[in-house]
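Here is how the chains run, residue by residue.
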Amino acid sequence: MSGFFDGTLLTVTMQTSLAHSPQNALSPQELSQEIKSFISGVDQTQGRKLSVREHARCAVRLLRSVPACRGAVLEHLRGVYNEHVSAFLHNLEADGEGDGDSNLEDVIMEVHGVLAEFIRLNPRAWAPLVSTWAVDLLGQLSSKHAGRRAAPQSSSLNELLQLWMSCAATRSLMEAYTQCLAAMIAWCPDQCVDALLDTSVQHSPHFDWVVAHIGSSFPGTIISRVLACGLKDFCSHGTADKGQGDKSNRVPKIGSVVGILGHLAARHSDSIRQELLRMFQESLSPQTIPPSSGSTSWEPSAQLRRGAVPFLLQLAVLSPSLLGAVSAELVESLRPPVLLQLQAVLQGLPRDELDNMMRLVVHLIAQSPAGGARILRFLADTATPASVIISGPTPSPHEGVREACDRLLQMLLLHLHKLVYTCSEGDDGYYSRPHSPSSQAPRVVPFLEEMQSHVGELCAETLRLERKRHLWLHQLLCLLSVYRGPSVATEALCQLLTLARNPDQLALAWQLHTPLSTCLPGLIPAAVTRCVAQIHTHTLGPKQLCQLLLNLASVMQSVQEEERRGPGGMGGGGASPQSSMAVQVGAAVSGHLHDFCPLLLHSDPAVSHAAVRLLSRSLLPRATLPSHLLLVCRAAVTHFFLALRRRVQAGKGRDGGQGGEAVNCSVLLLSRLAGYSPLTLKCVLLQLVEGALHKGNADLFGGQTPISPSLAPDRGGFLLDINCRFGTTVNFSGSVWSVFHAGVIGKGLKQRSATPHPDAASVIQNVQTLLAVTVQCCSAPSGNGGNSGGARHQSSVVPDEPPPINAEAAKMMAVTLVEYICPDVANGELSWPPEEHARTTVERDIHIRRCFEAHPVLFPLLHVVAAGHPALCYCSAVLRGLLATLLAHWEASREPLAVDSPWHLQASCMLVSCMGEGQLLPPVLGNVHEAFPYLTPFEVRLLLLAVWEYVRGNGPMPQKFVFSAEKGLFCRDFARDGDVARYVAPIHSVLHKNIDRLGHLCWRFQL
């Protein structure tokens, strides 16, 4: 070891030694005896063997007096330090106190003082030697005593650091190395750091505590010099054949570099990140630019500049923590100018080395625990062709950079595909079905783990349909869905169904489902369930919710179109993947009708319209709870009236097309619900009748809207209140004692409320729509599941005639009308009493007439009931009450002609017509209303009395109707009711009297 110094250096050190302690200088004889004693280990004066302490002190005296002996002295001191460490650990294991050998501790402190003084006086001569000796000895001691009971391998780094720093020997060595490193920083730090790296490679992981302590003392120096030394060593070993295998055998120091930086990353991650980025930036800078004062001071030669990027890649591969620390800022720094510089630096590398680097980059991206979304966005933006307008950074101006990023992205997708679909490590490499019970636990891919939280962003970017870009992202979505299983797959499908705005975008959902359906069964029901959950939690805004419903409706429409086209429309090759998915979507939606039906009443008309489109095209479930059915029926009927009102408003200036389509979809939905089962038929008809007669919907059908009591003028006290206050008789409602008045004494007659007159065209259209949906509901064959379509009902016997009204459905309507118009009527009041009996039901009859006045739609509804023989019989009490009020009016009327009372004339005509259609009257009596406009009030009363007498004599009993198989409905044989001639005599008398005006109607009244 003495050969390390030349003559001049040796002279300088001898002078340093003499200047150290001139008062203790030894004579030549004494110096000769000390050398002999040190070599032989025997005291030359006494002839006995030296103890360890005495031998160590002899070595210290030689170190002070003969610097040329320092190599031998330091080698001997290794044993002294080892002896002290062994005694220290033995005492810890014995009694838990680490006092050690006090004599040796004195010697160690004396050695430490001598070395520290030499380093202080002449650092250039002593610091390199002492630093190498100290760090090598620390490594030997750490490895030799590792695993002892006092220093177990399971101890943490902080515990080991406290243990070794409490030992005088290792603490002395650490302080000596620290002093040497501080002295060598200014002129030769590489030699000191090289020794640290070599020792770390040889004695890791037992040497980690030394690295941690030194790195904490000199973080900036250690980080920069470790990187510089590691780069030089990496380049000196060559950069060829850089695979992903074991690199420590080929690159001895890179593993130590990773270990040291890993220990420092906990507290000095910012410094490490800055040094790594600085090395990357300086490697791209032109060679003529000198490094900055704060740089890593590595000479940027051409070889080092070319090797910097591969070196950084190797560091990232070996240390995921370093990769995570630098990846975010590194991606942000990769602007087009930097990419061009990087391309210029890497152009000189061989092809195979560039391929290895590409594979390394792909491996790093796949294993990146953070920043994956940013990296993916950068690659997609840079690889996107220049003809595509993107929202990210400016595309690279160089075509070569774009092609490189394109290739890198393709390699990344291929690598992820292999990781996702290939069996776990140790298998034979064949593809296996992911998430199957027999497959092993899937390997963890950090990139995909992070992208799981960016599924929504991936779907949004994919739906932009940019050239190439959407294909890459769609493939990544598929891989991510397979990797994470049904949770991510359902989320992706749900996002695509929610965000797609045209058929091309919606087709991406089919393309995603096709490969996933083989390994993830039940994906469509899960996706629909997730959509329903978003609806319940109000996660979606009105626009997104509307788009989701429209997309689901378009799926259902595709199923119906393929059914109409038949097998020939599919090309003879069976069902397409799109049709298969559409069928599954239809089945899933049908199971959640009760969840979608509240959206029919959404405050946003667009959402309500989309919901009715979906429900009108979806299949009804084969089995469901009655409560769910009733909920759907109520919501559908309520939406029907809302759609009518929106259509009226649309006719006043808004978009009328959407309102009309909503009404048509609502009619289709109601007809399908009515045909599902008798329960839904009854519910739909009941809700339709009640809704049409509700005061909030009366104006839609030309009815009168009652004025709120708060808006009515105060007219003071009412006569009825006065009578009730001072009268002594009991008021029997419905009896002859009921009190009626036309006003208030002293205030005049009642003033009729000025009700707004609705648009006649809108009223007619609404009434026709109501009748259409009522007829469709009553004509739909009950119990067919509601899936036969709204336009395909049971065919009638006569092809040109509409399908017959179902008798039971008409009866339900009749009962509902009677309950609304006159709730106190008993179900058994079917027979008609004499005309004089009407005096006892005056109040009820007036109430019935007022209902018909307030709701003109009652007459069309009665016509629907009349078409379903013999349902009109159950409206006998209503018909009787209305006819009684009409008779009273015509009897009291003093108008010259019946046309002077337009409402009563219209009511009389419609009443008789309805009774004739319902076969409560024979044809000769059912046609008398045709003559009413030409008659006087007295003559009209005569004809109505004839109608009354006939119905009283031939009661409207359902038993009189017999089912006709030829016609497919119930019919009444009037020949069994006796002679009709006696009821026709008043008609003939009126005809003869008005032959000039009624001659053209005589044939209508022939028996």
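Cut-offs and rules
- Residues numbered from 1 in each chain as written.
- Predicted model: local features only at pLDDT ≥ 70, side-chain atom pairs only at ≥ 80, totals over all residues.
- Heavy atoms only, no water.
- Helix = DSSP H or I, 4+ residues; strand = E, 2+ residues; numbered from the N terminus.
- Buried < 20%, exposed > 50% of the residue type's maximum accessible area, 1.4 Å probe, protein only.
- Contact = heavy atoms within 4.5 Å.
- Areas by Shrake-Rupley, 256 points an atom, 1.4 Å probe, with all protein chains shown as cover.
- Salt bridge = Lys/Arg side-chain N within 4 Å of Asp/Glu carboxyl O.
- Axes fitted to C-alpha atoms, helices over the stretch in contact; angles between N-to-C directions.
- Parallel < 35°, antiparallel > 145°, perpendicular 65-115°, else oblique.
- Left-handed = near helix turned anticlockwise from the far one by under 90°.
- Pairing = 2+ DSSP bridges.
- Phe/Tyr/Trp six-rings, centres within 6.5 Å; stacked < 30°, edge-to-face > 60°.
- 1 Å grid on protein atoms, 1.4 Å probe; cavity = no way out; pocket = protein on both sides within 12 Å on 5 of 7 lines; lining within 4 Å.
- Points joined across faces, edges and corners; volume = space filled by probe spheres on them.
- Nonpolar A, V, L, I, M, F, W, Y, C, P; charged D, E, K, R; others polar.
- Expected span 1.5 Å × (residues − 1).

Attention now goes to the overall build of the chain. Check the secondary structure of the chain and you find 42 helices and 4 strands. Counting across all 1007 residues of the chain, residues that qualify as buried make up 48%. For the chain, the proportion of contacts with a sequence separation of at least 24, taken over those separated by at least 6, is 76%. Total accessible area computed for the chain in this model is approximately 46,700 Å², and 55% of it derives from carbon and sulfur atoms.

So, on to the pattern of salt bridges. Within this structure, the stated rule accounts for 23 salt bridges. Between lysine 468 and aspartate 406 there is a salt bridge, with the nearest N and O atoms lying 3.2 Å from each other. With lysine 468 in the loop between helix H20 (455-462) and helix H21 (469-484) and aspartate 406 in helix H18 (residues 399-421), this residue pair connects regions lying 62 residues apart in the sequence. On the basis of relative accessibility, which here comes to 31%, the residue lysine 468 falls in the partly exposed class. The salt bridge partner of glutamate 939 is lysine 993, with a shortest N-O separation of 3.7 Å. Of this pair, glutamate 939 sits in helix H40 (residues 937-953) while lysine 993 sits in helix H41 (residues 981-993), placing them 54 residues apart in sequence. On the accessibility criterion, lysine 993 (62% relative accessible area) is exposed. A cluster of three or more residues bridged by salt bridges with shared partners is formed by Asp381, Glu461, Arg464, Glu466 and Arg469.

Turning next to the packing of H40 against H41. Across the interface, H40 lies against H41 with an axial gap of 8 Å and an inter-helix angle of 165°. Classed by the angle they form, the pair H40 and H41 counts as roughly antiparallel. Every pair of crossing elements has a handedness; the one defined by H40 and H41 is left-handed. Two secondary-structure elements touch here, H40 through Glu939, Leu943, Ala946, Glu949, Tyr950 and Gly953 and H41 through Tyr983, Pro986, Ile987, Val990 and Lys993.

All right, on to the pairing of strand E4 (residues 969-972) then. Pairing between strand E3 (residues 961-964) and E4: 4 bridges, direction antiparallel. Bridging across to E4, phenylalanine 961 finds its partner in arginine 972. The loop that links E3 with its antiparallel partner E4 comprises 4 residues; one of these, glycine 968, has a positive phi angle of about 75°.

A word on unusual backbone geometry. Backbone phi values are negative for most residues with the exception of glycine, while trans is the configuration of most peptide bonds. Residue proline 870 is bonded to the preceding histidine 869 through a cis peptide linkage, with omega at -5°. Relative to the elements of secondary structure, proline 870 occurs in the loop between helix H36 (858-867) and helix H37 (876-892). At leucine 465, a position not held by glycine, the phi torsion is positive, near 55°. Among the secondary structure elements, leucine 465 is positioned in the loop between H20 and H21. With a relative accessible area of 32%, leucine 465 lands in the partly exposed category.

The next subject is the packing of aromatic side chains. Evaluated as defined, the whole model comprises 6 aromatic pairs. Relative to tryptophan 133, the ring of tyrosine 81 lies with its centre 5.8 Å away and its plane at 85°, an arrangement referred to as edge-to-face. Here tyrosine 81 is found in helix H4 (residues 70-95), whereas its partner tryptophan 133 is found in helix H6 (residues 123-144), with 52 residues between them in sequence. Here the two residues tyrosine 81 and tryptophan 133 agree in accessibility, since each one is buried. Between phenylalanine 852 and phenylalanine 859, the ring centres sit 4.8 Å apart and the planes meet at 50°, which makes this aromatic pair tilted. When its relative accessible area of 5% is taken as the criterion, phenylalanine 859 is described as buried. Here the aromatic residues Phe640, Phe641 and Phe701 are joined through ring pairs into a cluster of three or more.

Looking now at the environment of glycine 215. Mapped onto the fold, glycine 215 is located in helix H10 (residues 208-217). Since its relative accessible area comes to 0%, glycine 215 is described here as buried. Placed 53 residues apart in sequence, glycine 215 and histidine 268 show a C-alpha to C-alpha distance of 9.3 Å. The residues contacting glycine 215, other than those within four sequence positions of it, are Ile222, Leu264 and His268.

The space that makes up the second largest pocket amounts to roughly 1,100 Å³. Contributing to the lining of the second largest pocket are 38 residues, with Val309, Leu342, Leu346, Val361 and Leu408 lying nearest its centre. Mapped by element, the contributors of at least two residues to the lining of the second largest pocket are helix H12 (254-284), helix H13 (302-318), helix H14 (320-333), helix H15 (336-346), helix H16 (351-366), helix H17 (372-383) and H18. The residue inventory of the lining of the second largest pocket, partitioned by class, reads 30 nonpolar, 5 polar and 3 charged.

This brings us to H21. Helix length check: H21 (16 residues) gives 22 Å between terminal C-alpha atoms against 22 Å at 1.5 Å per residue, within 8%. Within H21, 13 of the 16 residues are buried, which leaves it mostly tucked inside the rest of the structure. Downstream of H21 by one or two residues, glycine 485 has phi in the positive range, about 90°.

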